[in-house]
Amino acid sequence: MAAYTVILKIIEKQNKEYILVFSIVLACFVGYDTGIGDFLYLSRIIIFFPFFLSGVLLQKENIVEFKNKNSKYIVLAGLIVVIWLGLCVFELDIFYRLRYLFTGRNPFFPQIMSYAPLARLASYIISFGMCFALIMLMPNRRMFLITDMGKNSINVYFWHMHIYYVLNKVFNISNIFNYGVSGKLAFLLMAVLLSIVLSHNIFNFPIKQIREQIFLNKKAS
């Protein structure tokens, strides 16, 4: 996030729409450079920057206004979510091999070199489409428990892989995929339950302490 803040300061007086298009084009070809990887999170900074810049360009008021004026798209949004979930469950073998395109941390792998930029562009279209669908389906009012859980979503991001590694080491849960559709659905349910648990305040450490330190330093400066 600090890297994104620095970049934003640099481009704040520039035409961000052009920069958004350029950042997407850059991300579609950066995978050919095997030297750009996890070091300093450079690969993820480049690949996820279009999402960050899109968030900067879209204001909360504009999103709410768009949703209120275009409620007809809710049906389309629901259809997008259902289709994507169906593909992920019933056609997982096809999409699982392309999962590296969504992580932002890997160069292109040999099997897709001939069409890799188009595959990356397709991953952007899918990701932005899902973002649109989820935003359209999200209510404009507070929801019991869910709204408070959403405030702690970074806890889920911080803790989930550590807990997954422990569970997989002890229970070998990755083998659940071998049980077909029922195994995939069970894994999805487990992911949802883990997200619910990790979004509780008990898992605020160390995020809460980091936030307090950041704001403390800002006040001091």
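Residues numbered from 1 in each chain as written. Predicted model: local features only at pLDDT ≥ 70, side-chain atom pairs only at ≥ 80, totals over all residues. Heavy atoms only, no water.

## Description of the pattern of salt bridges
Move 1: Counted according to the given criterion, the structure contains one salt bridge.
Move 2: Across the pair Lys69 and Glu65 runs a salt bridge, and its minimum N-O distance is 2.9 Å. Here Lys69 and its partner Glu65 are both found in helix α4 (residues 60–69), four residues apart, which amounts to about one turn of the helix. (Salt bridge = Lys/Arg side-chain N within 4 Å of Asp/Glu carboxyl O. Helix = DSSP H or I, 4+ residues; strand = E, 2+ residues; numbered from the N terminus.)

## Side note on a nonpolar patch on the surface
Move 1: Judged by side-chain polarity, Leu85, Phe90, Val181, Leu185, Leu188, Leu189, Val192, Leu193 and Ile196 come together as a nonpolar surface patch covering roughly 790 Å² of accessible area.
Move 2: When contributions to the nonpolar patch are tallied by element, the ones reaching two or more residues are α5 (73–90) and α11 (180–198).
Move 3: Among the elements that take part in the nonpolar patch, α11 stands out by supplying seven residues, more than any other.
Move 4: On the secondary structure map, Val192 appears in helix α11. (Patch = residues over 30% accessible without salt bridge, like charges linked within 9 Å, V, L, I, M, F, W, Y side chains within 5 Å. Areas by Shrake-Rupley, 256 points an atom, 1.4 Å probe, with all protein chains shown as cover.)

## Re unusual backbone geometry
Move 1: Following Phe205, the chain continues to Pro206 via a peptide bond in cis, the omega torsion being 0 degrees.
Move 2: For Pro206, the location among the structural elements is in the loop between α11 and α12 (207–220).
Move 3: The phi torsion at Asn172 lies on the positive side, around 55 degrees, for a residue other than glycine.

## Some details on the side chain of Arg120
Move 1: Tracing the chain through its elements places Arg120 in helix α8 (residues 116–137).
Move 2: Arg120 sits in the buried class, given a relative accessible area of 1%.
Move 3: A polar contact of 3.4 Å, which involves the side chain of Arg120, links it to the backbone oxygen of Ala27.
Move 4: Those residues in contact with Arg120, other than ones at most four positions away along the chain, are Ala27, Cys28, Gly31, Ile47, Tyr100, Leu101, Asn106 and Phe108. (Buried < 20%, exposed > 50% of the residue type's maximum accessible area, 1.4 Å probe, protein only. Polar contact = N/O pair within 3.5 Å; in protein donor to acceptor, adjacent residues only side chain to side chain. Contact = heavy atoms within 4.5 Å.)

Taken by themselves, the reported measurements are silent on function.
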